[in-house]
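Overview (structure and organization)
Now for the letters of each chain:
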Amino acid sequence: MATSLTIERLTAKAFADFGDVIEAHEGDGFGINQGYTWRHHKLATVGTDQPEDDAIMSIFSSKRRPLPMAINMMERHPLGSQAFMPLNETPFLVVVAKPGPEPKLADLRAFVTNGKQGVNYQIGVWHHPLLILALTQDFLVVDRAGAGNNLNEVFFEEDQCAQLDVADLMQELGL
């Protein structure tokens, strides 16, 4: 039987052990382009393991998983950070565990974004692939390209799986 994970509101403080919350705040940064643009500067830092690695940008188009959402695996990227920024203002879910050995169910934390927040996973942070609440959603993704295997996956035994019961949350968010 799957254990339900508690979903927390995403804040920089709560997420600090896993990476950065990418979010523009009123008044941070500075004006550029003759005053026509406000630059919310250096909201996250791209991390790569080797000097010859490249920081790359991609767009991921994602589909919602069946409900309740099963958490039966986690992945990590040992050679570079990975950032996800939604291209619309729709909240999405983030499930993470700290870097280190393969995570157990008790190690997992679940967060919901406010729709304007993105996340930058630190090198080696365990995370679940995209978990969206809308039927479809696009993300700008910044991560690493280079030599070497930058993906580790762990699949949980059936009795060690978790689930996200999101029906009430989706109703609360108007989705």
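Here we summarise the structure given alongside this text. Everything numeric here is computed off the predicted structure, so don't read it as measured data.

Reading the values: the criteria
- Residues numbered from 1 in each chain as written.
- Predicted model: local features only at pLDDT ≥ 70, side-chain atom pairs only at ≥ 80, totals over all residues.
- Heavy atoms only, no water.
- Helix = DSSP H or I, 4+ residues; strand = E, 2+ residues; numbered from the N terminus.
- Contact = heavy atoms within 4.5 Å.
- Areas by Shrake-Rupley, 256 points an atom, 1.4 Å probe, with all protein chains shown as cover.
- Salt bridge = Lys/Arg side-chain N within 4 Å of Asp/Glu carboxyl O.
- Buried < 20%, exposed > 50% of the residue type's maximum accessible area, 1.4 Å probe, protein only.
- Pairing = 2+ DSSP bridges.
- Axes fitted to C-alpha atoms, helices over the stretch in contact; angles between N-to-C directions.
- Core = buried A, V, L, I, M, F, W, Y, C linked by side-chain atoms within 4.5 Å.
- Polar contact = N/O pair within 3.5 Å; in protein donor to acceptor, adjacent residues only side chain to side chain.

1. Structural notes on the overall build of the protein
Looking only at helices and strands, one finds two helices and 17 strands in the protein. Along the longest, intermediate and shortest principal axes, the C-alpha atoms of the protein span 60 × 40 × 30 Å. The contacts in the protein between residues at least 6 apart in sequence include a share of 83% that link residues at least 24 apart. Total accessible area on the protein stands at roughly 9800 Å², and carbon and sulfur atoms take up 51% of it.

2. Looking at the pattern of salt bridges
This structure, assessed with the given rule, holds four salt bridges. Arg-9 is paired through a salt bridge with Glu-172; the nearest N and O atoms lie 2.4 Å apart. Of this pair, Arg-9 sits in strand 2 (residues 7-9) while Glu-172 sits in helix 2 (residues 167-173), placing them 163 residues apart in sequence. Lys-98 is paired through a salt bridge with Asp-17; the nearest N and O atoms lie 3.3 Å apart. One end of the pair, Lys-98, is in the loop between strand 10 (92-97) and strand 11 (109-112); the other, Asp-17, is in the loop between helix 1 (12-15) and strand 3 (19-22), and 81 residues separate them in sequence. Residue Lys-98 is classed as partly exposed on the basis of its relative accessible area, which comes to 47%.

3. Some thoughts on the pairing of strand 6 (residues 54-63)
Counting buried positions along strand 6 yields one of 10 residues, so the element is predominantly exposed. Inspection of the sheet shows strand 6 paired to strand 15 (residues 136-145) by 10 bridges, in the antiparallel sense. Bridged to Ala-55 within strand 15 is Arg-144.

4. Considerations on the sheet that holds strand 6
Strand order across the open sheet formed by five strands is 3-12-9-15-6, with antiparallel pairing between neighbours. Here the strands that pair on one side only, and so sit at the sheet edges, are strand 3 and strand 6. Neighbouring strand axes in the sheet, compared pairwise and without regard to direction, differ in orientation by 20 degrees on average. Pairing of strand 9 (residues 82-86) with strand 15, which is carried by four bridges, proceeds in the antiparallel orientation. Bridging from a neighbouring strand, Phe-84 pairs with Val-141 of strand 15.

5. Details of the environment of Asp-20
Looking at the secondary structure, you find Asp-20 in strand 3. As a C-alpha pair, Asp-20 and Val-119 span 99 residues in sequence and 5.7 Å in three-dimensional space. If sequence neighbours within four positions are ignored, Asp-20 has contacts with Phe-15, Leu-43, Ala-44, Thr-45, Gly-118, Val-119 and Asn-120.

6. Quick notes on the sheet that holds strand 7 (residues 69-71)
Reading across from one edge, 1-17-7 is the order of the three strands in this open sheet, with mixed pairing throughout. The open sheet has two edge strands with one neighbour each: strand 1 (3-4) and strand 7. Examined bridge by bridge, strand 7 and strand 17 (residues 162-164) share three bridges and lie antiparallel to one another. When the bridges of strand 17 are listed, Ile-71 appears paired with Ala-162.

7. Section: the nonpolar core
Within the largest apolar cluster, 22 residues are counted, with the highest numbers of intra-cluster contacts made by Leu-5, Ile-71, Met-74, Leu-93, Val-95, Leu-108 and Leu-164. Broken down by element, this core gets its largest block of residues, three residues, from strand 10. Dropping the residues within four chain positions of it, Leu-164 is found in contact with Leu-5, Ile-7, Pro-68, Met-69, Ile-71, Leu-93, Val-95, Ala-110 and Leu-131. Phe-15, Val-94, Val-119 and Leu-130 belong to the second largest nonpolar core, which has 17 residues in total.

8. Structural notes on the side chain of Asn-150
With respect to the element layout, Asn-150 can be found in the loop between strand 15 and strand 16 (152-155). When its relative accessible area of 14% is taken as the criterion, Asn-150 is described as buried. A polar contact of 2.7 Å, which involves the side chain of Asn-150, links it to the backbone nitrogen of Leu-79. Here Gly-80 takes part through its backbone nitrogen, which lies 3.5 Å from a polar atom of the side chain of Asn-150. If near-sequence neighbours (up to four positions away) are discounted, Asn-150 is found in contact with Arg-76, His-77, Pro-78, Leu-79, Gly-80 and Arg-144.

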